[in-house]
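# Fold and geometry: a report
Spelled out from the first residue to the last, the chains are:
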There are 2 protein chains.
Amino acid sequence: MEPLLLRALKRQPIERTPLWIMRQAGRYLPEYRALRQEAKQFLTLCRTPDLACQVTLQPLERYPLDAAILFSDILILPDVMGLGLDFVTHEGPVFRHPLQDERSIARLPIIDPAIELSYVLDAIRLIKANLKDKTPLIGFAGSPWTVATYMVEGGSSKHFNKIKKLLYADPVQLHQLLRVLAQNTAHYLQAQIEAGVDVVMLFDTWGGVLSHADFLTFSVPYMQSIVTEVKKKYPNVPVILFTKNGGRQLEALVETGADALGLDSGANVHLARQITRHRVALQGNLDPAALYAEPAQIVALVEKTLAEFGPGGGHVFNLGHGIYPDTNPEHVQVLCEAVRNLSPQFHVSQEVVMR
Amino acid sequence: MEPLLLRALKRQPIERTPLWIMRQAGRYLPEYRALRQEAKQFLTLCRTPDLACQVTLQPLERYPLDAAILFSDILILPDVMGLGLDFVTHEGPVFRHPLQDERSIARLPIIDPAIELSYVLDAIRLIKANLKDKTPLIGFAGSPWTVATYMVEGGSSKHFNKIKKLLYADPVQLHQLLRVLAQNTAHYLQAQIEAGVDVVMLFDTWGGVLSHADFLTFSVPYMQSIVTEVKKKYPNVPVILFTKNGGRQLEALVETGADALGLDSGANVHLARQITRHRVALQGNLDPAALYAEPAQIVALVEKTLAEFGPGGGHVFNLGHGIYPDTNPEHVQVLCEAVRNLSPQFHVSQEVVMR
């Protein structure tokens, strides 16, 4: 039988709701902070297979999670496309060579992940060899639109002025950029699957800053082409799409052919179920801040979340955003136990209930 | 006959779609930048009635807009509640005395706007005396939840950790804070109406960072109580609510009794119309970045926006977010003319069309 997560993503009958946590390998764990300090640079963790493997496995050693997720960053793809990534304290990611004109977009290469991103593929092979209990491994990349925002803005942004200027003043150039990104991302995810990941996820962190029409023009089609390319080669590998603030665009996301959609914490789950009508699995969406509450309250919030997603399967429990760095690790244990203990009641009957 | 904006907000038949622009008095205007430089401090502009009046009127002197909006800031209320507001270059608003414990919340005063915020009321009277053509004036405040985020975080925030910690660890305290804010805000808006504003608007800038359930618990009820208080005294003054990223929560916002809801640029207008079913007017939602496009393209995007909101009235044209500081002022003229020229076709028939 396939692992629980995969069956849930395929909306097959399951015995309990699987759980994994966005940023589960990260700063809230003292063992992560220790490794991070030793490595000096965040990127050293990503680029050293043995370290990426250790970090990926850390949360699995503590908690009964239903998936591992590759420790990496969505910006290492544009890094190897020639933009040169640094992480600057208090500033976040910064590119040494952001895209500044038509020429810099035209010059962007189609990469070979087996060469330029071999360290990721090595990390995946190492993680898979070390994963016990057939825990599945999730691979990922950023959506073309989201990665493009960093490439054009030069780093994180508040108002996205530069890329929006490109979008409205020179959409042809933006489409060219997104096409190259989509192609590289499809190859990159295929390579991750070849190296061993069981599920792939696209993080469309900034899809929500687009107008509805622009979302349909500049984000969805490129995610869709990636889903299509991945499915063409690996029809059985589930694909998850996560657009932050994407609760209003779910119909378009369903039509991409993805197996599951991530919901952020602000999503109206009732509305999301109405729109998606059990055509995809849904993943989410407990507010990471809920882990600030006392244990009894966390248990109550987990039960409320399970009830919102309802019976009938097709739900993967997760937070709606990455776990906060100042989360008490003991509260994560409470979360894991609550999902494990409370979710079977939502799966007692195996008849398919319409979402 | 009442001004166009008021009739649109009341969903009465109108001859064309009214237009105003969030942050229409602001940095994209050279005459604003000149006054701002002279005043040295942003807060000096807010606190000096003559300057606030001049700034408020600047865009009206350039463009045929259908409303003026008071030049002020949502944080001057907590400023006079004792938190002490500064604007720090590159950092934005910072409170000298953020709320740090139960005691500091318990100490928060109920203010008398006629005393503590007399400079705002003086500015309103001055603006009204100077407004030609019966152009209506919009007054505003922040929503209690939104203002509370700044009071607890101490300024702007990215992840809202502190207030979310308060929400999950000590909700009783947060409710106490929101109650005091709602009471002060209701009094403040009533005082603005007494001084002469024709419409009031609540900016719920950070309502979208709450989970759906928390939004219904910590933001909506306090906005609702403000709407109720304002309507009790001034039933004929339209109230607009604007929750950024609130497109998923519109049903709850309709039920507050507000006359109109603002939609941000990411909103799915089709879905918004389905949910609100002509029970409120809708305001928005052209992406401010659309003003980066060439004039012909701006005209096309205006027409598309008008078509999305459809015929039958109940639409106030606006951007979905504040206008960007690097907007070309000539493109604002293009926007104004496009709305003025293209909107009458959506009002030819006066029969009520279901949204």
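Quick notes on the rules
- Residues numbered from 1 in each chain as written.
- Chains lettered and ligands numbered in written order.
- Predicted model: local features only at pLDDT ≥ 70, side-chain atom pairs only at ≥ 80, totals over all residues.
- Heavy atoms only, no water.
- Least-squares fit on C-alpha atoms with pLDDT ≥ 70 in both.
- Contact = heavy atoms within 4.5 Å.
- Buried area = accessible area lost by both parts, 1.4 Å probe.
- Salt bridge = Lys/Arg side-chain N within 4 Å of Asp/Glu carboxyl O.
- Polar contact = N/O pair within 3.5 Å; in protein donor to acceptor, adjacent residues only side chain to side chain.
- Helix = DSSP H or I, 4+ residues; strand = E, 2+ residues; numbered from the N terminus.
- Nonpolar A, V, L, I, M, F, W, Y, C, P; charged D, E, K, R; others polar.
- Phe/Tyr/Trp six-rings, centres within 6.5 Å; stacked < 30°, edge-to-face > 60°.
- Buried < 20%, exposed > 50% of the residue type's maximum accessible area, 1.4 Å probe, protein only.
- Lys NZ or Arg CZ within 6 Å of the ring centre and 35° of its normal.
- Pairing = 2+ DSSP bridges.
- Right-handed = clockwise from strand over helix to strand, strands pointing away.

## Let's talk about the relation of the copies chain A and chain B
When chain A is fitted to chain B, the residual RMSD is 0.0 Å, and the transformation amounts to a turn of 180 degrees plus an axial shift of 0.0 Å. In short, the pair behaves as if placed about a two-fold rotation axis. If distances are taken from each C-alpha of chain A to the rotation axis, the shortest is found for Arg248(A), at 3.2 Å. An overlap of 100% is found between the interface residues of chain A and their copies at the interface of chain B, pointing to a shared contact surface.

## Here we look at the interface of chain A and chain B
Every contact between the two is made by 32 residues of chain A and, on the other side, 32 residues of chain B. Contact with chain B buries surface across chain A, with Tyr168(A), Arg248(A) and Tyr292(A) losing the most and accounting together for 28% of the total. Linking chain A with chain B are 4 salt bridges. For Lys164(A), the salt bridge identified is with Asp287(B), shortest N-O distance 2.6 Å. At the boundary of chain A with chain B, the tally comes to 10 residue pairs in polar contact (both at pLDDT 80 or more). Where the side of chain A that touches chain B is concerned, the elements lending two or more residues are helix H10 (161–169), helix H12 (212–233), helix H14 (269–276) and helix H15 (295–309) of chain A. A per-element tally of the side of chain A that touches chain B places H10(A) first, with 5 residues. Considering only residue class, the side of chain A that touches chain B consists of 13 nonpolar, 11 polar and 8 charged.

## Considerations on the packing of aromatic side chains
Tallied over the entire structure, the rule returns 14 aromatic pairs over all chains. On the numbers, 5.7 Å between centres and 65 degrees between planes, the contact of Phe42(B) with Phe71(B) is edge-to-face. A residue pair is termed long-range when its members are at least 10 positions apart, and Phe42(B) in helix H3 (residues 42–47) and Phe71(B) in the loop between strand S1 (68–69) and helix H5 (76–83) qualify at 29 residues. Taken individually, Phe42(B) and Phe71(B) each receive the classification buried, so the pair is uniform in this respect. An aromatic cluster is present here, built from Tyr32(A), Phe42(A), Phe71(A) and Phe87(A) joined pairwise through their rings. Just above the ring of Tyr292(B) sits the side chain of Lys165(A); from NZ or CZ to the centre is 4.7 Å.

## Here's the deal with the pairing of strand S9 (residues 315–319) of chain B
All names here are of chain B. Burial analysis of S9 places 5 of its 5 residues in the buried class, which makes it a mostly covered element. Here S9 shows two buried faces, one formed by His-315, Phe-317 and Leu-319 and the other by Val-316 and Asn-318. As judged from the 5 bridges shared by strand S8 (residues 281–286) and S9, these two strands associate in the parallel manner. Pairing of Gln-283 across the sheet is with Val-316, part of S9. As for the winding sense of the linkage, the β-α-β connection from S8 through helix H15 (residues 295–309) to S9 is right-handed.

## Quick notes on unusual backbone geometry
In this chain, Gly284(A) is followed by Asn285(A) through a cis amide linkage whose omega measures -15 degrees. Along the chain, the position of Asn285(A) falls in strand S8 (residues 281–286). At His278(A), a position not held by glycine, the phi torsion is positive, near 65 degrees. For His278(A), a relative accessible area of 10% gives the class buried. You will see that His90(B), though not glycine, has its phi angle at about 70 degrees, which is positive. Secondary-structure assignment places His90(B) in the loop between strand S2 (85–88) and strand S3 (92–95). Since its relative accessible area comes to 83%, His90(B) is described here as exposed.

Spatial relationships are all this shows, so hold off on functional conclusions.
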